[in-house]
Amino acid sequence: MAIGVLVAVAAAGILGSRVFTTWRAPANAPCPNDARIALECYGQRYRSLVAGQGVAEAFADLKAGYGSDPEMQRLCHAITHAIGQAAVAKYGEVAEAFRHGDNACGSGYYHGVMQGFALARGRTNLLSDLDAVCAGVPGKERKSLDYFNCVHGLGHAIMAVRADELFDALQDCDALTGSMERNACVNGVFMENLIVDGAHGGHYSKYLKPSEPLYPCTAVADKYKAECFDMQTSYALGVVQGDFAKVFALCAGVGTPFRKNCYQSLGRDAATVSRDQVPATVATCKLGVDHEQRSYCVLGAVLDFVYYYHSDVQAKALCAGVDPDLQEGCRSAIARLVGRF
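Residues numbered from 1 in each chain as written. Predicted model: local features only at pLDDT ≥ 70, side-chain atom pairs only at ≥ 80, totals over all residues. Heavy atoms only, no water.

Which parts of the structure should I look at to understand the confidence of the model for the chain?
Taken over all residues, the pLDDT of the chain has a mean of 87, while the share at 70 or more is 88%. Taken as a whole, residues 13-17 scores under 50 in pLDDT and shows 19 contacts with residues more than four places along the chain or in a different chain. In the predicted structure, residues 197-202 sits below a pLDDT of 50 and forms 11 contacts with residues beyond four places in sequence or in another chain. (pLDDT = per-residue confidence, 0-100. Contact = heavy atoms within 4.5 Å.)

How should the packing of helix 4 (residues 70-91) against helix 6 (residues 104-121) be read in this particular structure?
Helix-helix packing: each pair is described by the crossing angle between the helix axes and the interaxial distance. The interhelical angle for the contact between helix 4 and helix 6, taken along N-to-C directions, is 40 degrees, at an axis separation of 6 Å. The angle between helix 4 and helix 6 falls in the class oblique. Crossing of helix 4 against helix 6: the hand is right-handed. Residue-level contacts link Cys76, His77, Thr80, His81, Ile83, Gly84, Gln85, Ala87 and Val88 of helix 4 to Ala104, Cys105, Gly106, Ser107, Gly108, Tyr109, His111, Gly112, Val113, Gln115, Gly116 and Phe117 of helix 6. Classifying every residue of the contact of helix 4 with helix 6 by side-chain character gives nine nonpolar, 12 polar and no charged. (Axes fitted to C-alpha atoms, helices over the stretch in contact; angles between N-to-C directions. Helix = DSSP H or I, 4+ residues; strand = E, 2+ residues; numbered from the N terminus. Parallel < 35°, antiparallel > 145°, perpendicular 65-115°, else oblique. Left-handed = near helix turned anticlockwise from the far one by under 90°. Nonpolar A, V, L, I, M, F, W, Y, C, P; charged D, E, K, R; others polar.)

Please explain the nonpolar core as it appears in this structure.
Within soluble globular proteins, side chains that are nonpolar generally end up buried alongside one another. Formed by 106 residues in total, the largest nonpolar core has its most connected members in Tyr46, Ile83, Tyr109, Met114, Leu126, Leu154 and Phe190. If one sorts the elements of this core by residue count, helix 9 (residues 145-161) sits on top with 10 residues. In this structure, leucine 126 is in contact with Phe117, Ala118, Arg121, Val133, Leu154, Ala157, Ile158 and Val161, ignoring residues within four places of it in sequence. (Core = buried A, V, L, I, M, F, W, Y, C linked by side-chain atoms within 4.5 Å. Buried < 20%, exposed > 50% of the residue type's maximum accessible area, 1.4 Å probe, protein only.)

It is not clear to me how the state of the cysteines should be interpreted in this structure. Could you clarify?
Joining two cysteines, a disulfide is a covalent bond between their sulfur atoms. Per the stated rule, a full pass over the model turns up eight disulfides. Each sulfur of the disulfide joining cysteine 134 and cysteine 150 lies 2.0 Å from the other. Its S-S torsion of approximately -90 degrees makes the covalent link between cysteine 134 and cysteine 150 left-handed. Of this pair, cysteine 134 sits in the loop between helix 8 (130-133) and helix 9 while cysteine 150 sits in helix 9, and the two are 16 residues apart along the sequence. In this model cysteine 285 forms its disulfide with cysteine 297; the gap between the sulfur atoms is 2.0 Å. (Disulfide = S-S within 2.5 Å.)

For this particular structure, what's the right way to read unusual backbone geometry?
As a rule of thumb, non-glycine residues mostly have phi less than zero, and peptide bonds are mostly trans rather than cis. With an omega of 15 degrees, the peptide bond between tyrosine 215 and proline 216 qualifies as cis. Locating proline 216 in the fold gives a position in the loop between helix 11 (179-195) and helix 12 (222-239). Proline 257 follows threonine 256 through a cis peptide bond whose omega is 0 degrees. Mapping proline 257 onto the fold places it in the loop between helix 13 (244-252) and helix 14 (259-273). For lysine 143, which is not glycine, the phi dihedral falls at a positive 55 degrees. Residue placement: lysine 143 occurs in the loop between helix 8 and helix 9. Judged by relative accessible area, lysine 143 falls into the partly exposed class, the value being 25%.

Listed below in structure tokens is the structure:
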């Protein structure tokens, strides 16, 4: 359950848009509404802001413009990668860059820090001692969120130095000491595979197939499947144009024990698509055709609610809104997550 909680945290926000509360006017006009050049435009803007004014100013600007800029909303996680890359260039060390971090847009900042660190060190130096990379980040003993973000970010970093060669990157993660570290790294690899958007040389992932929406999860070794299925439904939903019922059916074809990861991933997607609103999230999870589908969907959704709101209040409202046979498991998930963080 601990790893599942952490994966839910890592995955929060990679699909759909999130709402920030701000009272500050945006400082810059939106970048062009053109998928081919928008990310490069935003990346240049926020790297410059970090270099000249700092990480806090970059996030303030991002949050100010977010509400009125659909392209920024779509690319927000990737934009925060750019902020993180610029931060580690500015501060030099992973631990120092983490001190200035912000969890906005699915903790993309921390993933970007790790990517920037990896690209600066180069493949050989990075892979020679992966255990040392996160050693300076506080909380290793208690598996803190910052430490998790570091080892999860290593998965993103390894993909960067491996030019997004997914199967090579998965094997690199095996060199880490500790099952939590290896799992978190692997999850970062799969997450990076979903969000590759031209950032590493203008290409898209070759390990995503519209004709096989659950690939590469169907092709990787069993030891990687749980982390893969914890992410893959976000891509599958895009393939079927947001039809949750179709993805529930796809997940139903996954063998045990990984089927539950697929359903839980759909729960996170349900929460994200609804912008963590109770009625729409509950309605989506009700599309599950049996107790297993609905219960794991609710589990994934409630974990996302806690992380999104940084509170258990809205999550408890979600539990109160689901069918009675799902409420106890829903409340237990909240207690475990709140106790963890």
